[in-house]
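Fold and geometry: a report
Given next are the chains, with one letter for each unit.
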Amino acid sequence: TRSDMVRAVFEGAAYGLRQLLERAENRLGLKPETVLSVGGGSRSRFWSQIKREVTGLAYQLSEKPDASSWGAALLGAIAGGEFSGPDDPAITFIMANQAAPITGRSERMRLNDLERKRAYDKAYRAYCKLYPALKTVMHDLASTPDEE
């Protein structure tokens with residue numbers, strides 16, 4: 001159904017997030033306990049719940065959902081030389097002067113979420129096997145007719 005397809009898109013994005021988090025842990029030793037959810041998607045409790053269940057992490061929902069726009073602008077300013085890097089003291093000053101701070105309520109998994117987490121763990125293992133298995137086919141489909 002249409003709702004199944006929508007749910008599959010949300011779950012696929014959550015699996016991608018989990019994969020990134022696992023790579024950050026394996027390669028950099030980073031293992032967050034909480035994720036701050038920002039952007040338009042943070043307004044969806046449904047999607048936040050899926051991400052929470054897929055990753056097993058607590059999700060802090062931002063009270064300032066457009067924080068991702070701020071982040072993109074700050075990265076652009078760093079790239080443009082306005083700031084020396086993400087630790088530039090001027091960035092802290094700018095963020096401190098925003099009208100609404102980036103804070104929110106943190107939500108942890110409830111007992112009934114744990115059953116779905118087990119189902120997501122099984123589906124995630126399949127997800128991790130799919131890209132390598134389909135890589136060649138996806139690249140073939142992405143090529144333009146004059147590249148063939």
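Preceding this section is the structure that the text describes.
Anyway, here's the lowdown on the structure attached to this text. Along each chain, the written sequence defines residue order, and numbers are assigned to residues from 1. Owing to the predicted nature of the model, reporting of local features is limited to residues with pLDDT of at least 70; listing and counting of side-chain atom pairs is limited to 80 or more, with chain, interface and lining totals taken over all residues. Only heavy atoms go into the side-chain values, all of them from the structure, while hydrogens and water stay out.

1. Let's talk about the pairing of strand 2 (residues 58-61)
Successive residues of a regular strand alternate their side chains across the two faces of the sheet. By the bridge criterion, four bridges tie strand 1 (residues 34-37) to strand 2 in an arrangement that is parallel. Across the sheet, the residue bridging to Val-35 is Tyr-59, located in strand 2. Assessed by its sense of winding, the connection that carries the chain from strand 1 through helix 2 (residues 45-55) to strand 2 is right-handed. Here, any two strands with at least 2 DSSP bridges between them count as paired. The helix count covers DSSP runs of H or I at least four residues long, the strand count covers runs of E at least two residues long, and both are numbered beginning at the N terminus. Look down the strands so they point away from you; if going from the first strand over the helix to the second traces a clockwise path, that crossover is right-handed.

2. Here we look at the nonpolar core
Across soluble globular proteins, nonpolar side chains show a tendency to be buried alongside one another. What we call a nonpolar core is a set of buried Ala, Val, Leu, Ile, Met, Phe, Trp, Tyr and Cys residues that are connected through their side-chain atoms within 4.5 Å. Think of it in three bands: with a 1.4 Å probe and only protein chains considered, a residue is buried below 20% of the maximum accessible area for its type, exposed above 50%, and partly exposed in between. One finds Phe-10, Ala-14, Tyr-15, Ile-50, Val-54, Tyr-120 and Tyr-124 forming the largest nonpolar core, which totals seven residues. Of all the elements in the fold, those that place two or more residues in this core are helix 1 (2-28), helix 2 and helix 5 (111-142). When residues of this core are assigned to their parent elements, the largest contribution, three residues, is made by helix 1. Not counting chain neighbours up to four residues away, the residues in contact with Phe-10 comprise Phe-46, Trp-47 and Ile-50. Throughout, a residue-residue contact means that at least one pair of heavy atoms, one from each residue, lies within 4.5 Å.

3. With respect to the packing of aromatic side chains
The pairing test for Phe, Tyr and Trp rings, Trp by its six-membered ring, is centres within 6.5 Å, and the orientation test on the planes gives stacked under 30 degrees, edge-to-face over 60, and tilted for anything in between. Here the structure, examined in full by the defined rule, presents six aromatic pairs. Their ring planes at 75° and their centres at 6.2 Å tell us that Tyr-15 and Tyr-120 sit as a pair that is edge-to-face. With a gap of 105 residues between them, Tyr-15 in helix 1 and Tyr-120 in helix 5 connect regions that are remote in the sequence. Residue Tyr-15 shares its accessibility class with Tyr-120, and that shared class is buried.

4. Here's the deal with the pattern of salt bridges
Criterion for a salt bridge: a side-chain nitrogen of Lys or Arg within 4 Å of a carboxyl oxygen of Asp or Glu. Within this structure, the stated rule accounts for six salt bridges. Put simply, Arg-7 and Glu-11 hold a salt bridge, and the shortest N to O gap is 2.9 Å. A residue pair is termed a helical-turn pair when its members lie 3 or 4 positions apart in one helix, as Arg-7 and Glu-11 do in helix 1 at four residues. Relative accessible area serves as the criterion here: at 27%, Arg-7 is assigned to the partly exposed category. One network of salt bridges, with partners in common, ties together Arg-18, Glu-22, Lys-117 and Asp-121.

5. Topic: the environment of Ile-91
For Ile-91, the location among the structural elements is in helix 4 (residues 89-96). Overall, the relative accessible area of 9% leaves Ile-91 in the buried class. In this structure, the C-alpha to C-alpha distance between Ile-91 and Leu-74, residues 17 residues apart in sequence, is 7.9 Å. Excluding anything up to four places from it in sequence, Ile-91 contacts Leu-74, Ile-78, Phe-83, Gly-85 and Pro-86.

6. Some remarks on the packing of helix 1 against helix 2
In this description, a line fitted to the C-alpha atoms serves as the axis of each element, helices being fitted only across the stretch in contact, and the angle between N-to-C directions of two axes falls anywhere from 0 to 180 degrees. Across the interface, helix 1 lies against helix 2 with an axial gap of 9 Å and an inter-helix angle of 45°. Viewed along their axes, helix 1 and helix 2 adopt a mutual orientation that is oblique. Viewed along their axes, helix 1 and helix 2 form a crossing whose handedness is right-handed. Taken together, the residues of helix 2 that come into contact with helix 1 (itself represented by Arg-7, Phe-10, Glu-11, Ala-13, Ala-14, Tyr-15, Leu-17, Arg-18 and Leu-21) are Phe-46, Trp-47, Ile-50, Lys-51, Val-54 and Thr-55. Amino acid classes used here: Ala, Val, Leu, Ile, Met, Phe, Trp, Tyr, Cys and Pro are nonpolar; Asp, Glu, Lys and Arg are charged; the rest, including Gly, are polar. For the contact of helix 1 with helix 2, a count of residues per class yields 10 nonpolar, one polar and four charged. In what follows, roughly perpendicular refers to angles from 65 to 115 degrees, roughly parallel to angles under 35, roughly antiparallel to angles over 145, and oblique to any angle outside these ranges. In this scheme the crossing of two helices becomes right-handed for a clockwise turn of the near helix relative to the far one and left-handed for an anticlockwise turn of less than a right angle.

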